[in-house]
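Letter by letter, the chains look like this.
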Amino acid sequence: MVLLHVVDLDLDLAALRPLGPFFALRTRPVGPGDPVRPLPTLARAYWDAPGSGAPDVHGDPLSFRVRKVTRALRAPEDRIGASVAQQGLAARLWSVTLGCAVLYGSIPEPDPGLLLWDPDATAPDDLWLTEVRARPGDAATVAAAVLDGHLEPLCAALRARHPVAPGLLRGNSASALAGAARQLDLWARTNGRPDVAARARTLTAELFTHPLLADTGTLTGTAFRRRSCCLYYRVPGGGICGDCCFTRPPRSSPRAPSG
Ligand code: SF4
């Protein structure tokens, strides 16, 4: 159980910025006359039916994102782009939420209906929280917010569009959490914050006991070894991920584990 050290959330979530672009989250209300172009919410990305709009930023933002990632990687199948896109979004959500939980002791309510998403942008310009409402930063609340609130509906939406295995997507979610925890740990040690490093490790270990993450691999300190394959090896020039289940890309294997 993490002992929370609670500091009020500031409306700009300024403590996240030094941690890098994956942790930063733009926040401000969007109102009439706002100069920023309207963006879809993540709720639309998760719950709009496939094909309910054109595969562009405003019609079907999730299909747009997968197509964009697939093309950028020159991946031979859309499901590889779907896997990489999902891991990227999972990394953003874990980074912001874990970062806030550890640095503030509370998290901004990450309701998918409050998060605007630009599937054509990269971090930190891809997400924008329109209203900051504080929630507790304990493991149960963080898991409910990220896993139940985002990654499960994201998994369902992707699987409605592409043949990606749920075990692969859960492995990606776990890799994304482990990656965010490693980055937090590195920042904390580099900046003389052993308290932050300790909180990050304890909270991450608690999150890994969640049933959706518990069988995805082995977490040892900040090192993670996953059990499923993210398919990155099939990208031209792709190789071994840091938390791979293999020691070399399984190019010669007829079938790599995919969850
Ligand atoms: S085999 Fe490992 S490195 Fe290759 S894509 Fe799968 S998880 Fe990534």
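What counts and how
- Residues numbered from 1 in each chain as written.
- Predicted model: local features only at pLDDT ≥ 70, side-chain atom pairs only at ≥ 80, totals over all residues.
- Heavy atoms only, no water.
- Helix = DSSP H or I, 4+ residues; strand = E, 2+ residues; numbered from the N terminus.
- Rg over C-alpha atoms; globule rule 2.2 N^0.38 Å.
- Buried < 20%, exposed > 50% of the residue type's maximum accessible area, 1.4 Å probe, protein only.
- Pairing = 2+ DSSP bridges.
- Axes fitted to C-alpha atoms, helices over the stretch in contact; angles between N-to-C directions.
- Parallel < 35°, antiparallel > 145°, perpendicular 65-115°, else oblique.
- Contact = heavy atoms within 4.5 Å.
- Core = buried A, V, L, I, M, F, W, Y, C linked by side-chain atoms within 4.5 Å.
- Polar contact = N/O pair within 3.5 Å; in protein donor to acceptor, adjacent residues only side chain to side chain.
- pLDDT = per-residue confidence, 0-100.
- Bend = angle between axes of the 7 residues up to and from the residue.
- Near = heavy atom within 4 Å.
- Nonpolar A, V, L, I, M, F, W, Y, C, P; charged D, E, K, R; others polar.

Quick notes on the overall build of the protein
Looking only at helices and strands, the protein has six helices and seven strands in total. Seen in sequence order, the protein has helices and strands lined up from the N terminus as β-α-α-α-β-β-β-β-α-α-α-β-β. By the compact-globule yardstick of 18 Å for 259 residues, the protein fits well, its C-alpha radius of gyration being 18 Å. Taken over the C-alpha atoms alone, the protein extends approximately 50 × 50 × 30 Å along its principal axes. For the protein, with 259 residues in total, the buried portion stands at 53%.

Let's talk about the sheet that holds strand β3 (residues 115-117)
Sheet architecture is open: three strands sit in the order β1-β4-β3, paired in mixed fashion. This sheet does not close on itself; its edge strands, each paired only once, are β1 (26-27) and β3.

Let's talk about the pairing of strand β7 (residues 223-226)
Burial of β7 is one-sided: the residues Phe-224 and Arg-226 facing one way are buried, the residues Ala-223 and Arg-225 facing the other way are not. Relative to β7, strand β6 (residues 217-220) is paired through four bridges, and the arrangement is antiparallel. Considered in β7, the bridge of Thr-218 is made with Arg-225. What sits between the antiparallel neighbours β6 and β7 is a turn of two residues, in which Gly-221 has the positive phi angle 65 degrees.

Re the packing of helix α3 (residues 78-103) against helix α4 (residues 139-159)
With their axes 11 Å apart at the nearest point, α3 and α4 run at an angle of 170 degrees to one another. What the angle tells us is that α3 and α4 run roughly antiparallel. Taken together, the residues of α4 that come into contact with α3 (itself represented by Ala-82, Gln-86, Leu-89, Ala-90, Leu-93, Trp-94, Thr-97 and Ala-101) are Val-142, Val-146, Leu-147, His-150, Leu-151, Leu-154 and Leu-158.

Remarks on the nonpolar core
Of all hydrophobic cores here, the largest spans 71 residues; its most connected members are Leu-42, Leu-93, Trp-94 and Leu-207. Going through the elements one at a time, α1 (42-47), α2 (61-73), α3, β3, β4 (127-129), α4, α5 (166-190) and α6 (194-207) are the ones with two or more residues in this core. Top contributing element to this core by residue count: α3, with 14 residues. When residues no more than four places from it in sequence are discounted, the contact partners of Leu-93 are Leu-42, Tyr-46, Leu-115, Leu-127, Val-146, His-150 and Leu-151.

Some remarks on the environment of Asp-195
Along the polypeptide, Asp-195 turns up in helix α6. Residue Asp-195 is classed as partly exposed on the basis of its relative accessible area of 32%. Expressed as a C-alpha distance, the spacing of Asp-195 and Ala-145, which sit 50 residues apart in the sequence, is 24 Å. One polar contact links Asp-195 to Arg-193, side chain to side chain, over a distance of 3.1 Å.

Some details on the environment of Ala-205
For Ala-205, the location among the structural elements is in helix α6. Of the residues examined, Ala-205 reaches a relative accessible area of 38% and is grouped as partly exposed. For the pair Ala-205 and Ile-80, spaced 125 residues apart in the sequence, the C-alpha separation amounts to 28 Å.

Focus on unusual backbone geometry
Cis peptide bonds are those with omega within 30 degrees of zero, and the linkage from Ala-123 to Pro-124 qualifies with 5 degrees. When you line up the elements, Pro-124 lands in the loop between β3 and β4. Positive phi, close to 45 degrees, is recorded for Leu-13, a residue that is not glycine. Tracing the backbone through its elements, the reader meets Leu-13 in the segment before β1. Its identity as a non-glycine residue notwithstanding, Arg-74 has a phi of 55 degrees, on the positive side. When you line up the elements, Arg-74 lands in the loop between α2 and α3.

Considering the confidence of the model for the protein
When pLDDT drops low, the exact placement of atoms in the prediction is not to be read closely. Across the protein, the average pLDDT comes to 90, with 90% of residues at or above 70. For the protein, the element scoring lowest by mean pLDDT is β1, at 90; α4 scores highest, at 98. Of the regions scoring below 50 in pLDDT, residues 252-256 engages in four contacts with residues more than four places distant in sequence or in other chains.

Some thoughts on α4
In an α-helix there are 3.6 residues to a turn, and that puts residues three or four apart on one side. The largest bend in α4 comes to about 30 degrees, at Leu-147. Structurally, the start of α4 carries an N-cap: the backbone nitrogen of Ala-140 is 3.2 Å from a side-chain oxygen of Asp-138.

Here's the deal with the site of the ligand
Taken together, Cys-229, Cys-230, Leu-231, Tyr-232, Tyr-233, Gly-239, Ile-240, Cys-241, Cys-244, Phe-246 and Pro-250 make up the full set of residues near the ligand. Counted by class, the shell around the ligand contains ten nonpolar, one polar and no charged residues.

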